[in-house]
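# Summary of structural features
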Amino acid sequence: MALLEIAGMSLGFGGIEVLRDLDFTVEEGSITSLIGPNGAGKTSVFNCLTGFYRPRSGRITLAGGRIDRLAPHRVTRLGLARTFQNLRLFRELTAAENVMAGRHCRTGAGALDAVLGTRRHRREEAAIAQAAQHWLDFVGIPDAAERVAGSLPYGHQRRVEWARALATEPRLLLLDEPAAGLNTSEKEELIALMRRIRDELGITILLIEHDMGLVMQVSEHIGVLDHGRKIAEGTPDRVQNDPLVIEAYLGRDEDDASEAA
Amino acid sequence: MPLQEILLQQLANGLILGSFYALVALGYSMVYGVIKLLNFAHGDLYMVGAFAGFGCLSLFSGWLGAGWAGIVPSILLSMVAVGMLGVVIDRVAYRPLREAPKLSVLITALAVSMLLENTVLAFTGGQFTAFSTDLGFTGIDLGLVHVTYTQMVLVGTSIVLMVVLELFVSRTRYGRAMRAIAIDQDACRLMGIDVNRTIALTFFIGSALAAASGVLAGVYYGSINFFMGFLIGLKAFTAAVIGGIGNIPGAMLGGLLLGLLEAFGTQIPGIGGQWKDVFVFAFLILFLVFRPTGILGKPEVERM
C-alpha cells in the first residue's frame, strides 16, 4: 500500500521551475531513495513534503490524507519527520533536550499545568525524559544525554538528529544525505540503523543520497530526478542500467549528442 | 541620619526598585531571547498594567476593600488582561513582519509604544492618577531600618514570579520549545512545535510580568500616569543588557543590580538624586563597551 503519494507536483520560484509534474510513490514499509545530480530538485521535494514550500500544483497525500496545504508542524503531527543535510540541531541544548523537543507534538499538558507543576505535567515530563533516553539508546549514544549537542562529535550529532526525528513518532522518515561525511564503517552502521528503524519500528524511510553504493545496497525502490523531472524509477538493478540515468550522471558522448541533434 | 542607617535604607529601596526593574527586564529579555526583537512597547505594557490594576481595584475596593484582598485579584486580572494585550500586539504588529528585516520590526515596536502611551493619554488626560490603597506602614524593624509589610510582599511577589518563570523555562515542554525556537525556528516546525503559538505564549508571559510589576509599582508609589512606562522600559532594557540579554537569571540579576546602583548612586557625594538616571545610563554605556554580552551572557563566537 502506498504511504506517500505525490501526484503531478510542480514547484517554481518566480520564473524558475524547480520541479515539473512529478509523480512518485513510497510504499509503506519500504526503504525508498530519491537520487539525481546536484540541483535536480531532491531537497525541494523534501521541502514540499514537510510543508516549507507550497507546490504550484499537484497533490501530496500521506496515508490517504492531503498534506500539501498544511503548516510544517501539522505535517509533523501527521507522522512525517526529517533530518537535514547540514545538521540543524539545537546546538546549545543538551542531546536529551533536543530529543525531548521532538516529543513536543506528542505531549499535551497545558501551559497552566506547566506553570502550576501539576501531577499531570510532572508525569508527562518524566515520560518525555524517559522517551528521550530510549531514543538515544536506540541510535547507539546512551551516554550523550547530558552533553551539549554542539559539543558532540559530528557522527554523534547526526545520531542525535535521528533520535530527535524518531521521537516525533513518524510513519515516514525523510533522510537528507545521511551518509555525507561518514567513513566506510560508519556507513555500515548507518545501513544497519536504517534497517532496524524499518524492521523494528515499522517506519517507512525515504532518503536522498549521493553515495550510490549505499543507495543500491539499501533501497528497494529508487526514483531518479534530473532538472526537476523524474527520468526513471524502479528497482536498483533497473535504475542502474537505465540509459537516461547513465546519461544524467555521466553526460553523453559528443558523438551521441550530435547524432541526437 | 547615621551612615549605616542610610546604607541599610538604600539597600531596602534598591531591592524594591530592582525587583520592579527585574520583572520588566524579564519580559524584555524573554522576547529578545526567542525572536531577537527589542520590544520597545514593553515598558508601556507595564504602564497599561498599572492602569488595568487601578481599574480593577476601583471596582473591587467597594466589596473587597483596597487592602491585599482587593489588590491580589487586581494584580491577577491585570496580568491576564495585559498578557492578552501582548498576544494581540504580537499577532497584529509583529507576526506579519516575522520574515522582515529586524529594523522594520524595531520601528513597529516604537510605533506600538507611541500608540499605547497616547491611547492612555487620551483617556486620562495626562493627569497623575492617585493609586490609593489601604496598606499601612506597619512592618518590622530590622536593626535601624523599618521595613513595611508592603515592601516585603512586593519583593516577595517579584521573587516568586521570577522563580516560577525560571522553572517554567528550564523544566517544561513550553520552556524547552521557547529555547529551541530561539535557536532554529524551522527545525522546531519540523519537530511539530507550533512556533507562532509558542511565541504568543512568550508575549503573554512577558507582558503579564510587566503588568504585575506595574500594579506593584502603583501600589508602592501611590500614583500612576501614562508616561511611567517610558523610563522604566529603558531601564529594564539596561538591566537586561547588564545581565546578558536573552538570559533569564541575567535579567533578574541585572534588574536587582540596577536598582541597588540607583539607590546607592543617589548617596554618592556630588551625584545626588537628580543624577541617578545619568548614573544608570553611564553604567549601560560602560557595560556595552567592556562587556557587551552582559554578566551572564555567553560571548558570541564570530566564525570566520
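In this numbering scheme, every chain counts its residues from 1 along its sequence in written order. Written order determines the labels here, with chains lettered from A and ligands numbered from 1. For a predicted model such as this one, the threshold for reporting local features is a pLDDT of at least 70, and the threshold for listing and counting side-chain atom pairs is 80 or more; totals across whole chains, interfaces and linings nevertheless cover every residue. Hydrogens and water are ignored here; the side-chain numbers use all heavy atoms of the structure.

So, about the interface of chain B and chain A. Chain B puts 23 residues into the contact, and the matching count from chain A is 33 residues. We define buried area as the total accessible area lost by two parts upon association, computed with a 1.4 Å probe and summed across both. Counting each side, the surface lost to burial between chain B and chain A is near 2600 Å², with a carbon and sulfur contribution of 63%. Taken as a group, Arg173, Leu190 and Met191 of chain B account for 31% of the area that chain B buries against chain A, more than any other trio of residues on that side. One speaks of a salt bridge when a side-chain nitrogen belonging to Lys or Arg is within 4 Å of a carboxyl oxygen belonging to Asp or Glu. Where chain B touches chain A, the interface holds five salt bridges. The partner of aspartate 186 of chain B in a salt bridge is arginine 88 of chain A, with the nearest N and O atoms 3.9 Å apart. The contact definition used throughout considers only heavy atoms, calling two residues in contact when any of these lie within 4.5 Å.

Positive phi is not limited to glycine here, since glutamate 177 of chain A has a value of about 45°. Only DSSP runs of H or I with at least four residues qualify as helices, and only runs of E with at least two residues qualify as strands; both kinds are numbered from the N terminus onward. Inspection of the secondary structure assignment puts glutamate 177 of chain A in the loop between β7 (172-176) and α7 (184-201).

Before going further, it helps to spend a moment on the pattern of salt bridges. Scanning all chains against the criterion turns up 21 salt bridges over all chains. Taking the shortest distance from any N to any O, the salt bridge between arginine 171 of chain A and glutamate 28 of chain A comes out at 3.5 Å. Of this pair, arginine 171 of chain A sits in the loop between α6 (154-167) and β7 while glutamate 28 of chain A sits in the loop between β2 (16-27) and β3 (31-35), and the two are 143 residues apart along the sequence. In this structure, arginine 98 of chain B engages aspartate 90 of chain B in a salt bridge whose closest nitrogen and oxygen atoms are separated by 3.0 Å. Throughout this description, buried means an accessible area under 20% of the type-specific maximum (1.4 Å probe, protein chains only), exposed means over 50%, and partly exposed covers the range between. The exposure class of aspartate 90 of chain B is buried, given its relative accessible area of 2%.

All right, on to the packing of aromatic side chains then. Side-chain rings of Phe, Tyr and Trp, where Trp is taken by its six-membered ring, are said to pair if the distance between their centres is within 6.5 Å; with planes under 30 degrees apart they count as stacked, over 60 as edge-to-face, and otherwise as tilted. Within this structure, the stated rule accounts for 14 aromatic pairs over all chains. Centre to centre, the rings of tyrosine 220 of chain B and tyrosine 221 of chain B are 5.0 Å apart; their planes meet at 65°, and the pair counts as edge-to-face. Grouping aromatic residues by their ring pairs yields a cluster made of Phe20, Tyr220 and Tyr221 of chain B. Should the NZ of a Lys or the CZ of an Arg lie within 6 Å of a ring centre and within 35 degrees of the ring normal, that charge is described as sitting over the ring. For the cation-ring pair, arginine 196 of chain A lies above phenylalanine 138 of chain A, with the distance from its terminal atom to the ring centre recorded as 4.2 Å. Taking the ring centre of tyrosine 174 of chain B as reference, the NZ or CZ of arginine 173 of chain B above it sits at 4.9 Å.

Turning to the sheet that holds β2 of chain A, a few remarks are in order. Residues and elements named next belong to chain A. Note: two strands are recorded as paired if DSSP finds a minimum of 2 bridges between them. Pairing within the open sheet is antiparallel, and its four strands lie in the order β2-β1-β4-β5. Edge strands, defined here as strands with exactly one partner in the open sheet, are β2 and β5 (65-66). Where strand β4 (residues 57-62) meets β5, two bridges bridge the pair, whose relative direction is antiparallel. Each bridged residue has a counterpart across the sheet, and for threonine 61 the counterpart in β5 is arginine 66. Angles run from 0 to 180 degrees between N-to-C directions of axes, and those axes are lines fitted to C-alpha atoms, restricted for helices to the stretch in contact. Along the sheet, helix α1 (residues 42-49) contacts β1 (2-13), β2 and β4; its crossing angle with β1, the most-contacted strand, is approximately 110°.

What follows is about the side chain of glutamate 161 of chain A. Residue and element names in this part refer to chain A. Examined against the element boundaries, glutamate 161 turns out to sit in helix α6. Here a polar contact is taken to be a pair of N or O atoms separated by no more than 3.5 Å, where protein atoms must pair a possible hydrogen donor with a possible acceptor and residues adjacent in sequence count only if both atoms sit in side chains. A polar atom in the side chain of glutamate 161 sits 3.3 Å from the backbone nitrogen of phenylalanine 84. Residues in contact with glutamate 161, not counting those within four places in the same chain, are Thr83, Phe84, Leu87, Arg88 and Leu89.

So, about the confidence of the model for chain B. Known as pLDDT, the predictor's confidence for each residue is given on a scale from 0 to 100. In the predicted model, chain B carries a mean pLDDT of 87, and 96% of its residues have values of at least 70. Within chain B, no element has a lower average pLDDT than strand β2 (residues 139-142) of chain B, which sits at 76, and none a higher one than helix α3 (residues 68-94) of chain B, at 94.

This next bit is on the packing of helix α6 (residues 173-183) of chain B against helix α8 (residues 195-221) of chain B. Residues and elements named next belong to chain B. Put simply, α6 and α8 touch, their axes get as near as 10 Å, and they point 110° apart. On the basis of their axis angle, the class for α6 and α8 is roughly perpendicular. Across the interface between the two elements, Tyr174, Ala177, Met178 and Ile181 from α6 touch Val195, Thr198, Ile199, Leu201, Thr202 and Ile205 from α8. Orientation categories follow fixed angle ranges, with anything under 35 degrees roughly parallel, anything over 145 roughly antiparallel, 65 to 115 roughly perpendicular, and all other angles oblique.

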